[in-house]
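# Results of the structural survey
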Amino acid sequence: MMALTVGVLALQGGFIEHIELLNKAASSIFSQDFAFEAVEVRTAQELARCDALVIPGGESTTISFVAQQSGLLEPLRDFVKVQKKPVWGTCAGLILLCDEANGTKKGGQALIGGLSVRVHRNHFGRQMESFATPVDLPFLAGEGNSEQFPGIFIRAPVVEEVLPHGDGPEVEVLARLANRVERAKAGLSLAVTKGDAGDIIAVRQGSIMGTSFHPELTSDARIHSWWLKQVIRGL
Ligand SMILES: NC(=O)CC[C@H](N)C(=O)O
């Protein structure tokens, strides 16, 4: 029997929402005899059972602090960077998976790392500047529905620079926020774009993926389905 156990880091943030969407996605892509399980992860023992991991949105400094206090930071680094099991971080989860974060006090936040990028925390400003906007996610082309994805950005980070990747895999830019010209054409608010380049909001490097926004706060399971299929392919 085929089996897959996906963990969701459950120290703080939107972990329950991720578990619900993983279950929804799994029920549409796996048959009855496929043993799929989405589990909350709070200890090294729970992490060790997982084939893949999701790190939710929330507050990256809190997640990092609790992970350190509970002795989970090193096991997480090992899972991501040594065992190279598939990991997906959303928002705060993306921040934790980056090698460098801009917008953090010196020594203030230990990252898990793994993605050769520098992330800019709170890129769009404070909580009041949070917003929702449709985003184009070209990698979802095979997910049966070509509608734009409802992007929810809450004190969201963006990837501000791709760093040299050494002998690691290439960093793929999976999606950008529409730039000012594209937003104007589509009749979308211009308030959320800072530059003209189109901010990077989704990346992948080998087994690690990160998104700036919160798919777990929608009922749209397309990214979860896509990611689970990538995980299965890589096992
Ligand atoms: N919604 C979120 O996950 C916000 C992330 C937050 N800006 C942080 O630094 O952790």
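The name given to the protein chain in an unreviewed UniProt entry is glutaminase, and the organism recorded there is Hypocrea virens. Turning to the protein chain, the UniProt annotation filed under Catalytic activity (unreviewed entry) states: "L-glutamine + H2O = L-glutamate + NH4(+)". According to UniProt, the comment filed for the protein chain under the heading Sequence similarities (unreviewed entry) is "Belongs to the glutaminase PdxT/SNO family."

What follows is about the packing of helix α1 (residues 15-29) against helix α7 (residues 222-234). Running from amino to carboxyl end, α1 crosses α7 at an angle of 65°, the nearest separation of the two axes being 8 Å. As judged from the angle between their axes, α1 and α7 are roughly perpendicular. As for how α1 packs across α7, the hand of that crossing is right-handed. Here L21, L22, A25, A26, S28 and I29 of α1 come into contact with α7, specifically with H224, S225, L228 and K229.

A few words on the site of the ligand. Taken together, G57, G58, E59, S60, C91, A92, I95, R121, N122, I154 and R155 make up the full set of residues near the ligand. Residues of the shell around the ligand, tallied by class, amount to 4 nonpolar, 4 polar and 3 charged.

Three- or four-residue spacings in an α-helix give side chains the same orientation, since the helix completes a turn every 3.6 residues. The first and last C-alpha atoms of α7 sit 19 Å apart over 13 residues, in line with the 18 Å expected at 1.5 Å per residue. Turning to α7, the residues buried within the fold contact β1 (3-9), α1, β3 (52-55), β4 (87-90), β8 (149-153) and β12 (208-211).

Looking at helix α3 (residues 60-69), one finds that the buried residues are S60, I63, S64 and A67. When α3 is viewed along its axis, its buried side chains cluster within an angular range of 95° and face the same direction. Tucked into the core, α3 has its buried residues touching α4 (73-82) and α5 (92-97). One or two positions beyond α3, positive phi appears at G71, with a value near 70°.

This part covers the nonpolar core. A general tendency of soluble globular proteins is for nonpolar side chains to be buried together. Within the largest apolar cluster, 63 residues are counted, with the highest numbers of intra-cluster contacts made by L53, V87, L97, C98 and I201. For L97, the contacting residues outside a window of four places in its chain are I55, V80, V87, G89, I112, G114, L115, I208 and G210.

For the rest of this paragraph, the subject is unusual backbone geometry. Even without a glycine there, the phi angle at N122 is positive, about 50°. In this fold, N122 is placed in the loop between β6 (115-120) and β7 (131-135). Positive phi, normally seen in glycine, also occurs at R155, with a value near 40°.

Glancing now at the pairing of β8. Of all 5 residues making up β8, 4 are buried, and the element is well covered by its neighbours. Relative to β8, β7 is paired through 5 bridges, and the arrangement is antiparallel. The residue bridging F131 from the neighbouring strand is F153, located in β8.

Before going further, it helps to examine the UniProt feature "active site" (unreviewed entry) in the protein chain. Following the UniProt record, the feature "active site" (unreviewed entry) maps to C91, H214 and E216 here. In three dimensions, the annotated residues from a span of 126 residues occupy one location, with a maximal C-alpha spread of 10.5 Å. Within the secondary structure, H214 is located in the loop between β12 and α7. Using a count of 26 C-beta atoms within 10 Å as the deciding quantity, one classes H214 as buried. Here H214 is in contact with G14, G57, T90, C91, I152 and I154, once residues within four sequence places are set aside. Mapped onto the elements, E216 comes out in the loop between β12 and α7. Sequence-distant contacts of E216, that is, excluding residues within four places in its chain, are made with G14, E17, H18, L21, P56, G57 and T90.

Cut-offs and rules
Residues numbered from 1 in each chain as written. Predicted model: local features only at pLDDT ≥ 70, side-chain atom pairs only at ≥ 80, totals over all residues. UniProt positions renumbered as here; feature names shortened; annotations may be inferred. Axes fitted to C-alpha atoms, helices over the stretch in contact; angles between N-to-C directions. Helix = DSSP H or I, 4+ residues; strand = E, 2+ residues; numbered from the N terminus. Parallel < 35°, antiparallel > 145°, perpendicular 65-115°, else oblique. Left-handed = near helix turned anticlockwise from the far one by under 90°. Contact = placed C-beta atoms within 7 Å. Near = placed C-beta within 6 Å. Nonpolar A, V, L, I, M, F, W, Y, C, P; charged D, E, K, R; others polar. Expected span 1.5 Å × (residues − 1). Buried ≥ 20, exposed ≤ 12 C-beta atoms within 10 Å, placed from the backbone. Arc of directions from axis to C-beta. Core = buried A, V, L, I, M, F, W, Y, C linked by C-beta atoms within 7 Å. Pairing = 2+ DSSP bridges.

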